[in-house]
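Each chain is listed here by its residues.
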Amino acid sequence: MGYVLMALGLTLVFGIGRVINFAHGELYTLGAFIAVVLVQASFPYLSTLLIAPLLAGIMGMLIERLIIRKMRGAGTSIWAPFLATLALLVIFQSLYLIIFGPDPHILQNSFGYTSIDLFSLTVMGQDALIAGVSIIVVAALIWFMHHTSYGAAMRAVSQDRDTALLMGVDVNAIYALTWYLGVALAALAGVLVTPEATVDPYIGRIVLLKGITIVIVGGLGSVEGAVLGGLMLGLIESLAGTYVSPSFKDGWGYALVILVLVFRPRGLLGQQLRRG
Amino acid sequence: MTFVATLVGLTITLTIPLWVQSNFYMYILIMGAFNAVLAISLNLMLGYIGEKSLGHAAFYGIGAYTAAMISSHFGLSGPLNLLAAFVVTTACAAIIGIPALRLRGPYFAIVTLGFVLILQLLVLNGGSFTGGPSGLPGVKRLAWTGIGGPYVFSTDIQYYYAAIALFWIALFVSIAAVNSKMGRAWLAIRENLDLAESIGINAFYYKMIAFLMGAGLAGLVGALYAHYIGFVSPRIFDTWTNVLIVAMVIIGGEGTIIGPVVGGLIMTALPELLRFAEGYRMLLYGLFLLAVIMFAPQGIVGLVADAWHKLKARSNVVR
């Protein structure tokens, strides 16, 4: 389920903002580091689940407002937002390195290490927490996209930006909202998954790769697709990792990506993108 | 104009070893030439076809590994290594190109990126065949054992001339290609693929040629690099290599002949110039990238061309 959360923010920003955010993994890391700092300042872990995404979301809005929006005008290369997020990746990573150093940090969560009995299955607390929060967030997001006026506006911008603008949608505000949500989701994933691992300035890379894999498999820009893709990747990795070859574990995801792209380029649940 | 520029360029590149003595600078210059060729080769796809190819490190890496594996498994290190690197890289490009080139935009970008990731995993898990995570050390120096030989490429100056030869070949090949009927087809595909196809341009065919040309050149760079450094490691397939090659093209100016050259040289020199900043080096590097993208979206060559036109316009007014 952790994979699903990693991919959600990426798919939102791509689906609506039409930008593959290569700094996504770094924003996941941002969430994790905010949580580490807060826990050291003796905030309870569970409160960081809320605070870190809210703070990181502001960073997302700033990125949209100060950088990406400037590149939406005519005359700029289609490459500009893409490269800008790559530059942000480098900038964030070096900032983390300067502030936190290269060593892994641990995010303490006492609740996460207790085991829970659930229908005759023993589950680690953190796994249960990840699954629970993910289900709630996914449900809330789908509800938001389909049952609120902001959600409708977001879907409208995603389908046809110019028409949405003509219909009176404040497109800039929607982009800002999209980036806020996308980055907050990335940070939430960081806060949730880090107690099961550690956080260092370089973890963003693998998060980005998993995220991209899932988003491609599920369909670029599709929330439901990200859920399906995340679950599939998790299953395939653990099954193939156990029964076929553990060292090639990460390869199955890419193999899946190539299969999907060759036979169904829009992804399993993706909408047909307009040509051109 | 172009002729004069070529002559000046040739003179400078050919006489550099006469006035640059330091090994360190020679190393930078050789890497600069390698990077320029990588950028030139990617620019065919990026600048002229207009498709985001994120897998260029794959071809560079395949070339390097082919040359290194022939050297360490068969003990050969001659023109055959370069030829094999070229052939294997182009063949791999054809295999990945057949499904990938039918895709567009982000999908093409992702497939090419995925290709690099799979290659890296294969190399990491290749055991003694590929050297695994530690790579293949002790790649032999390039040597000619045929008529007039044996002649071993052992000094920096020799590798410098090899790199420069490849640089000029790549530059002339790309100029010739862009100015041919094929180059015009590329531009038509970039500007409007549907329209280009509707007037009978076989987009897949022309894209494939650009893709294969780029891959072949990158493979040759990889092979030369392996013989020069004497060592290959799976890090050659790192995402960072990819990003760097793309950045070189964009920073210099995509879709121009000279842009990738400028970009390649800047991106080679910049990390060395920023050495004074120590821990803040990568930060400055990222900020520089961001600044160029934001304030010179057409690349440095575009910026200079703009300034030049403005200057010309102003002087016309005065007259």
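Here is what the cut-offs are and how they apply
Residues numbered from 1 in each chain as written. Chains lettered and ligands numbered in written order. Predicted model: local features only at pLDDT ≥ 70, side-chain atom pairs only at ≥ 80, totals over all residues. Helix = DSSP H or I, 4+ residues; strand = E, 2+ residues; numbered from the N terminus. Rg over C-alpha atoms; globule rule 2.2 N^0.38 Å. Buried ≥ 20, exposed ≤ 12 C-beta atoms within 10 Å, placed from the backbone. Contact = placed C-beta atoms within 7 Å. Axes fitted to C-alpha atoms, helices over the stretch in contact; angles between N-to-C directions. Parallel < 35°, antiparallel > 145°, perpendicular 65-115°, else oblique. Left-handed = near helix turned anticlockwise from the far one by under 90°. Nonpolar A, V, L, I, M, F, W, Y, C, P; charged D, E, K, R; others polar. Expected span 1.5 Å × (residues − 1). Core = buried A, V, L, I, M, F, W, Y, C linked by C-beta atoms within 7 Å. pLDDT = per-residue confidence, 0-100.

Section: the overall build of chain B
Reasoning step 1: A count of helices and strands for chain B gives 14 helices and four strands.
Reasoning step 2: Computed over C-alpha atoms, the radius of gyration of chain B comes to 20 Å, within 12% of the 20 Å expected from 2.2 N^0.38 for 319 residues, which places it in the range of a compact globule.
Reasoning step 3: Each of the three principal axes of chain B carries a C-alpha extent, and together these read 65 × 50 × 45 Å.
Reasoning step 4: When burial is assessed residue by residue, chain B has 47% of its 319 residues classed as buried.
Reasoning step 5: Pairs at least 24 apart in sequence give 75% of the contacts found in chain B among residues at least 6 apart.

Observations regarding the overall build of chain A
Reasoning step 1: Each helix and strand in chain A was counted, giving 11 helices and two strands.
Reasoning step 2: When each of the 276 residues of chain A is scored for burial, the buried share is 49%.

As for unusual backbone geometry
Reasoning step 1: The backbone phi angle of Ser42 of chain A is positive, close to 60 degrees, even though this residue is not glycine.
Reasoning step 2: Given 6 C-beta atoms within 10 Å, Ser42 of chain A falls into the exposed group.

Some details on the packing of helix H2 (residues 24-40) of chain A against helix H4 (residues 80-100) of chain A
Residue and element names in this part refer to chain A.
Reasoning step 1: At their nearest, the axes of H2 and H4 sit 10 Å apart, and the two run at 25 degrees to each other. With respect to H4, the axis of H2 lies roughly parallel. Crossing angle aside, the handedness with which H2 passes H4 is left-handed. Residues Glu26, Thr29, Leu30 and Phe33 of H2 touch H4, and the partners they reach there are Leu88, Leu89, Phe92, Gln93, Tyr96 and Phe100.
Reasoning step 2: Of the residues in the contact of H2 with H4, the class split is seven nonpolar, two polar and one charged.

Examining the interface of chain B and chain A
Reasoning step 1: Residue-level contacts link 30 residues of chain B with 35 residues of chain A.
Reasoning step 2: Within the residue set of the side of chain B that touches chain A, elements represented by two or more residues are helix H5 (105-124), helix H11 (239-252) and helix H13 (281-295) of chain B.
Reasoning step 3: Here the residues of the side of chain B that touches chain A sort into 22 nonpolar, six polar and two charged.

Considerations on the environment of Gly230 of chain A
Reasoning step 1: Mapped onto the secondary structure, Gly230 of chain A falls in helix H10 (residues 223-243).
Reasoning step 2: In this structure Gly230 of chain A touches Tyr3, Val4, Ala7 and Ile214 of chain A, once residues within four positions along its chain are discounted.

Considering helix H10 (residues 203-229) of chain B
Reasoning step 1: If you check H10 of chain B, its first and last C-alpha atoms are 38 Å apart, about what 27 residues at 1.5 Å a residue would give, namely 39 Å.
Reasoning step 2: Most of H10 of chain B is tucked away: 20 of the 27 residues are buried.

Topic: helix H3 (residues 45-68) of chain A
Residues and elements named next belong to chain A.
Reasoning step 1: With 24 residues, H3 extends 33 Å from end C-alpha to end C-alpha; this agrees with the ideal 34 Å at 1.5 Å per step.
Reasoning step 2: Taken residue by residue, H3 has Thr48, Ala52, Pro53, Ala56, Gly57, Met59, Gly60, Ile63, Glu64 and Ile68 as its buried positions.
Reasoning step 3: On its buried side, H3 packs onto H2, H4 and helix H8 (171-193).

Some remarks on the nonpolar core
Reasoning step 1: Counting 183 residues, the largest nonpolar core has Leu83 and Ala187 of chain A together with Phe34, Val37, Ala64, Ala163 and Val221 of chain B as the members making the most contacts within it.
Reasoning step 2: Excluding anything up to four places from it in sequence, Phe34 of chain B contacts Ala163, Val221, Leu224 and Tyr225 of chain B.

Describing the packing of H4 of chain A against H13 of chain B
Reasoning step 1: Packing of H4 of chain A against H13 of chain B leaves a shortest axis separation of 8 Å and a crossing angle of 160 degrees. In terms of axis orientation, H4 of chain A runs roughly antiparallel to H13 of chain B. As for how H4 of chain A packs across H13 of chain B, the hand of that crossing is left-handed. Only Met282, Leu283, Tyr285, Gly286, Leu287, Leu289, Leu290 and Ile293 of chain B of H13 of chain B make contact with H4 of chain A, whose side of the interface consists of Ala80, Leu83, Ala84, Ala87, Val90, Ile91, Gln93, Ser94, Leu95 and Ile98 of chain A.
Reasoning step 2: Looking at the contact of H4 of chain A with H13 of chain B residue by residue, the classes come out as 15 nonpolar, three polar and no charged.

Here we look at the confidence of the model for chain B
All names here are of chain B.
Reasoning step 1: Mean pLDDT over chain B works out to 84, with 96% of the residues at or above the 70 mark.
Reasoning step 2: The weakest mean pLDDT in chain B belongs to strand E2 (residues 143-144) at 70; the strongest belongs to H10 at 91.
Reasoning step 3: Per the prediction output, this complex has pTM 0.80; the corresponding ipTM is 0.79.

A short note on the environment of Ile40 of chain B
Residues and elements named next belong to chain B.
Reasoning step 1: Tracing the backbone through its elements, the reader meets Ile40 in helix H2 (residues 23-49).
Reasoning step 2: Note on Ile40: 32 C-beta atoms within 10 Å, which makes it buried.
Reasoning step 3: Along the backbone, Ile40 and Pro260 are 220 residues apart, and their C-alpha atoms lie at a distance of 5.3 Å.
Reasoning step 4: With near-sequence residues (within four places) excluded, Ile40 lies in contact with Ala170, Leu171, Ser174, Pro260 and Val261.

Considering the environment of Ile209 of chain B
Residues and elements named next belong to chain B.
Reasoning step 1: Positionally, Ile209 belongs in helix H10.
Reasoning step 2: The partly exposed category is assigned to Ile209, around which 17 C-beta atoms lie within 10 Å.
Reasoning step 3: Each C-alpha atom of the pair Ile209 and Leu122 lies 26 Å from the other, and the pair is 87 residues apart in sequence.

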